[in-house]
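Examining the three-dimensional arrangement
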Amino acid sequence: MSNEKNHISENAFVGKNVKFGNGVKIWNMAYVGNNTKIGDNVMIGSLAHVDYDVQIGSNCKIEGLVYIAPKCIIGNNVFIGPSATLTNDPYPPSTKLAGVIVEDNAVIGARSVIKAGVTIGKNSVVAMGSIVTKDVASDSVVVGSPAKVVYNRSEYDNKMKDWEAKF
């Protein structure tokens, strides 16, 4: 299931009516459900589960073991760290589903859990292990359980630059 534009692992599962952009890479034993749309230059890691009716923009990196529930919408230039979970049922098992919306340039840290119906704003960061139960404003960095704003994206970017300069 690979061609010049995309690389889909032979042991990945891809459902029906999945639409791929160019430069998509899907690694070992990943799952992509029916009616999902994936933009250009998207990487989906091993053992990730992208359920049905999901939309993923371009230039996204979805690490291994991530779960993205049905009806979720992921913007462009989004990073989702290993084992993060985006849910779609705030009161299981209800009959009404509401996916998570992750806007452009957001970062979701490893093992974070995002409640159904929540929007993660543009340029925002969810720190690893955070439990997000409410919308996250654009350009915010949230940490903890429940997640709370600790600083803005500018401060986060400066901390990253300082960290990278140490090496």
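Please refer to the structure higher up on the page.
The structure displayed is predicted, hence computed values, not measured ones.

1. Looking at the pattern of salt bridges
When charged atoms on two side chains of opposite charge get close, those side chains can pair. Tallied over the entire structure, the rule returns three salt bridges. Asp 53 is paired through a salt bridge with Lys 71; the nearest N and O atoms lie 3.4 Å apart. Residue Asp 53 is found in the loop between strand S8 (49–50) and strand S9 (55–56), and its partner Lys 71 is found in the loop between strand S11 (67–68) and strand S12 (73–74); the two are separated by 18 residues along the sequence. Glu 63 is paired through a salt bridge with Lys 61; the nearest N and O atoms lie 3.5 Å apart.

2. Side note on the side chain of Thr 36
Position of Thr 36 among the secondary structure elements: in the loop between strand S5 (31–32) and strand S6 (37–38). Those residues in contact with Thr 36 that sit more than four places away from it in its chain are Asn 17, Val 18, Lys 19, Val 50, Asp 51, Tyr 52, Asp 53 and Val 54.

3. A closer look at the pairing of strand S22 (residues 148–152)
As paired elements, strand S21 (residues 140–143) and S22 share four bridges and run antiparallel to each other. The partner of Val 143 across the bridge, within S22, is Lys 148.

4. Some thoughts on the nonpolar core
Judged by nonpolar contacts, the single largest core of 37 residues is most densely connected at Ile 44, Ile 56, Ile 80, Val 102, Ile 114 and Ile 120. With residues near it in sequence (within four places) discarded, Ile 56 still touches Lys 37, Ile 38, Gly 39, Val 42, Ile 44, Val 50, Ile 62 and Ile 74.

5. What about the sheet that holds S22?
Here we have nine strands laid out as an open sheet, ordered S1-S4-S7-S10-S13-S16-S19-S21-S22, and mixed in their pairing. Strands with a single pairing partner mark the edges of an open sheet, and in this sheet they are strand S1 (7–8) and S22. One ladder, built from two bridges, connects strand S4 (residues 25–26) with strand S7 (residues 43–44); its direction is parallel. Counterpart to Ile 26 in the pairing with S7 is Ile 44.

6. Considering the pairing of S21
Pairing analysis gives two bridges linking strand S19 (residues 125–126) to S21, with the strands arranged parallel. The partner of Val 126 across the bridge, within S21, is Val 142. Where S21 folds back onto S22 in an antiparallel hairpin, the turn is made up of four residues, including Gly 144, whose phi is positive at roughly 100 degrees.

7. Description of the sheet that holds strand S17 (residues 113–114)
The strand order across the open sheet formed by seven strands is S2-S5-S8-S11-S14-S17-S20, and the pairing between neighbours is parallel. At either margin of the open sheet sits one strand with a lone partner, and together these are strand S2 (13–14) and strand S20 (131–132).

8. Some words on the side chain of Asp 51
Turning to its location among the elements, Asp 51 is positioned in the loop between S8 and S9. For the buried Asp 51, no salt bridge is present, and the opposite-charge side chain at shortest range is Lys 71, 10 Å distant. Here His 49 takes part through its side chain, which lies 3.2 Å from a polar atom of the side chain of Asp 51. In contact with Asp 51, not counting residues within four places along its chain, are Tyr 31, Gly 33, Thr 36, Tyr 67, Ile 68, Ala 69 and Pro 70.

9. Regarding a nonpolar patch on the surface
A cluster of nonpolar side chains, namely Met 29, Leu 47 and Leu 65, defines an oily patch on the protein surface of about 300 Å² accessible area. Here Leu 65 shows up in the loop between strand S10 (61–62) and S11.

What counts and what doesn't
Residues numbered from 1 in each chain as written. Predicted model: local features only at pLDDT ≥ 70, side-chain atom pairs only at ≥ 80, totals over all residues. Heavy atoms only, no water. Salt bridge = Lys/Arg side-chain N within 4 Å of Asp/Glu carboxyl O. Helix = DSSP H or I, 4+ residues; strand = E, 2+ residues; numbered from the N terminus. Contact = heavy atoms within 4.5 Å. Pairing = 2+ DSSP bridges. Core = buried A, V, L, I, M, F, W, Y, C linked by side-chain atoms within 4.5 Å. Buried < 20%, exposed > 50% of the residue type's maximum accessible area, 1.4 Å probe, protein only. Lys, Arg positive; Asp, Glu negative; His and termini not counted. Polar contact = N/O pair within 3.5 Å; in protein donor to acceptor, adjacent residues only side chain to side chain. Patch = residues over 30% accessible without salt bridge, like charges linked within 9 Å, V, L, I, M, F, W, Y side chains within 5 Å. Areas by Shrake-Rupley, 256 points an atom, 1.4 Å probe, with all protein chains shown as cover.

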